[in-house]
Amino acid sequence: YNAALGTTTFLAQLNSPDPITYTEYNGNLYFTNATTMGWVPYGEDEARMVGVPTPAAPTLTVQSAGGLIPGKYGVVITMVDDRGEESGACAVQIVDLPEGGGIRLSGLPNQLGSTVFIYVTSADGDQLRLVASAPAVFPTYLISDIAQGGVCDTQHLIPLPAGDLICWHNGRLYTAKGGALRFSEALRPHLHDPAHGIMPFSGHISFMESVGDGIYIGDARGVWFLDGNDPVKFQPKRVSSCRAVRRSSVVMPPEHFDKETVPVDSPVAVWLSTSGYVVGMPGGATVELHPERIKVPAGLSGRTAFLLRNGRKQLVTPVNSTSTATFGTAVDAIIS
């Protein structure tokens, strides 16, 4: 939306009308809903889908011409887009060259502006190395030499799946859908390992926010703090038994709170729970701001905004009603 001109510009086509959540990572804007995940690179105004789709496996045929020695060879391909981002590898194809020769790949993908990377093992080997790269406009390619390039490190990886929620933490993107928390590879925010990059929670995940040294996660049992920077080494601890209002979280600078109440100097997570607004500080320490003034039932959804109105700092969270679908309740609290 261009506020100066009062105009809107089409950004991306969503696969469903589900609610959207956003996060910023390295200056890039990421958005997701239950079915669609995209991003707008820094300095650009067009959206892309997250991750390069994994190409289909090519067809392999034995060729008599070529310098490969006899043995069995494994072959995979990946796609590299115009930004230099590489996809996951296709399924490994095995071909036997009992008399040596070459391997012809057929049915290679056609994608103008992209490049096909071709990896092959040594004879009877298991390490896939780059043997060639070619513009994604040629349907066939002949492997006739031993691979001497880098090792394929995107095998078994796929684009990070879409989710109801998204956040970033320590070089990774995280998405949550239902009771599953998924995360990307380190420093590869668009690639995900479906076998190992997932953590289960109890019931639907209601929110997630990073505060630098960990992530706050809400689920059916309350709120958890995942202490640490590596998801494999997270130390989960429950920091509140009060369920959070779904999607009601926001990250805020600490200077907007009373220093005695929130004694930290780095950003904090704030969410609306059944006992009112809660602040989650780095390290997993939490404080309830208005437990005696705000009570909401469990099972609600809402969105929170921080406002400065007439010199007052306020958190405002419109939430859905549990009684009549056409009416809602706006929770409005002064925080200082």
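Residues numbered from 1 in each chain as written. Predicted model: local features only at pLDDT ≥ 70, side-chain atom pairs only at ≥ 80, totals over all residues. Heavy atoms only, no water.

## Considering the overall build of the protein
And then number 1: When you go through the protein residue by residue, the secondary structure sums to zero helices and 28 strands.
And then number 2: A principal-axis box enclosing the C-alpha atoms of the protein has dimensions of 80 × 50 × 40 Å.
And then number 3: Taking all 336 residues of the protein together, the buried fraction comes to 46%.
And then number 4: Put simply, 51% of the contacts in the protein that link residues at least 6 apart link residues at least 24 apart.
And then number 5: Of the roughly 16600 Å² of accessible surface on the protein, 52% is carried by carbon and sulfur atoms.
And then number 6: Here the protein holds 23 positive side-chain charges and 30 negative ones, and the gap between their average locations is 8 Å. (Helix = DSSP H or I, 4+ residues; strand = E, 2+ residues; numbered from the N terminus. Buried < 20%, exposed > 50% of the residue type's maximum accessible area, 1.4 Å probe, protein only. Contact = heavy atoms within 4.5 Å. Areas by Shrake-Rupley, 256 points an atom, 1.4 Å probe, with all protein chains shown as cover. Lys, Arg positive; Asp, Glu negative; His and termini not counted. Charge placed at Lys NZ, Arg CZ, Asp CG, Glu CD.)

## A few points about unusual backbone geometry
And then number 1: The backbone phi angle of Asp124 is positive, close to 60 degrees, even though this residue is not glycine.
And then number 2: Position of Asp124 among the secondary structure elements: in the loop between strand S9 (115-120) and strand S10 (129-135).
And then number 3: If you check the backbone angles, Asn170 has positive phi at about 50 degrees while not being a glycine.
And then number 4: Given a relative accessible area of 44%, Asn170 falls into the partly exposed group.

## Some remarks on the side chain of Ser210
And then number 1: Along the polypeptide, Ser210 turns up in strand S18 (residues 207-210).
And then number 2: With a relative accessible area of 17%, Ser210 lands in the buried category.
And then number 3: Separated by 2.8 Å, the side chains of Ser210 and His169 make a polar contact.
And then number 4: A polar side-chain atom of Ser210 sits 3.4 Å from the main-chain amide nitrogen of Gly212.
And then number 5: Excluding residues within four positions of it along the chain, Ser210 makes contact with Trp168, His169, Ile215 and Val251. (Polar contact = N/O pair within 3.5 Å; in protein donor to acceptor, adjacent residues only side chain to side chain.)

## Looking at the layout of surface pockets
And then number 1: Counted as a void, the largest pocket has a volume near 520 Å³.
And then number 2: In terms of lining, the largest pocket is formed by 24 residues, of which the most central are Tyr22, Thr23, Ile166, Glu209 and Val251.
And then number 3: Residue assignment for the lining of the largest pocket shows that the elements contributing at least two residues are strand S1 (21-25), strand S13 (165-169), S18 and strand S22 (250-252).
And then number 4: At five residues, S13 tops the list of elements feeding residues into the lining of the largest pocket.
And then number 5: Of the volumes computed, that of the second largest pocket is approximately 350 Å³.
And then number 6: The wall of the second largest pocket is formed by 16 residues, among which Gly51, Val52, Pro53, Asp81 and Ser114 lie closest to the centre.
And then number 7: Its residues placed into classes, the lining of the second largest pocket shows eight nonpolar, four polar and four charged. (1 Å grid on protein atoms, 1.4 Å probe; cavity = no way out; pocket = protein on both sides within 12 Å on 5 of 7 lines; lining within 4 Å. Points joined across faces, edges and corners; volume = space filled by probe spheres on them. Nonpolar A, V, L, I, M, F, W, Y, C, P; charged D, E, K, R; others polar.)

## Thoughts on the sheet that holds strand S8 (residues 101-106)
And then number 1: The sheet built from three strands is open, its strands ordered S5-S8-S11 with antiparallel pairing. Single-partner strands in this sheet number two, and they are strand S5 (59-68) and strand S11 (140-143). When strand polarity is set aside, the average angle formed by the axes of neighbouring strands in this sheet is 25 degrees.
And then number 2: Taken together, the four bridges between S8 and S11 define a ladder with antiparallel strand orientation. In the sheet register, Arg104 faces S11, and the bridge partner there is Leu142. (Pairing = 2+ DSSP bridges. Axes fitted to C-alpha atoms, helices over the stretch in contact; angles between N-to-C directions.)

## Thoughts on the nonpolar core
And then number 1: Core analysis: the largest hydrophobic core is formed by 24 residues, its most contacted members being Val75, Ile103, Leu105 and Ile143.
And then number 2: Listing elements by their share of this core, those giving two or more residues are S5, strand S6 (71-80), strand S7 (93-97), S8 and S9.
And then number 3: Beyond its immediate stretch of four places on either side in the chain, Ile143 contacts Leu68, Val75, Gly102, Ile103, Leu105, Ile118, Val120 and Val131. (Core = buried A, V, L, I, M, F, W, Y, C linked by side-chain atoms within 4.5 Å.)

## A closer look at the sheet that holds strand S23 (residues 268-273)
And then number 1: If you trace the four strands from one edge of the open sheet to the other, you get S22-S23-S24-S25, paired in antiparallel fashion. Two strands bound the open sheet, and with one partner strand each, they are S22 and strand S25 (286-288). Averaged over all pairs of adjacent strands, the angle between strand axes in this sheet comes to 30 degrees, irrespective of strand direction.
And then number 2: With five bridges connecting them, S23 and strand S24 (residues 276-280) associate as antiparallel partners. Looking at the pairing, Ala269 lines up with Gly280 of S24.

## Details of the side chain of Thr175
And then number 1: Mapped onto the secondary structure, Thr175 falls in strand S14 (residues 172-177).
And then number 2: Among the polar contacts made by the side chain of Thr175, one reaches the main-chain carbonyl oxygen of Pro161 at a distance of 3.2 Å.
And then number 3: Not counting the four nearest positions on each side in its chain, Thr175 is found in contact with Met37, Leu160, Pro161, Ala162, Gly163, Leu165, Ile166, Ala180, Leu181, Arg182 and Met208.

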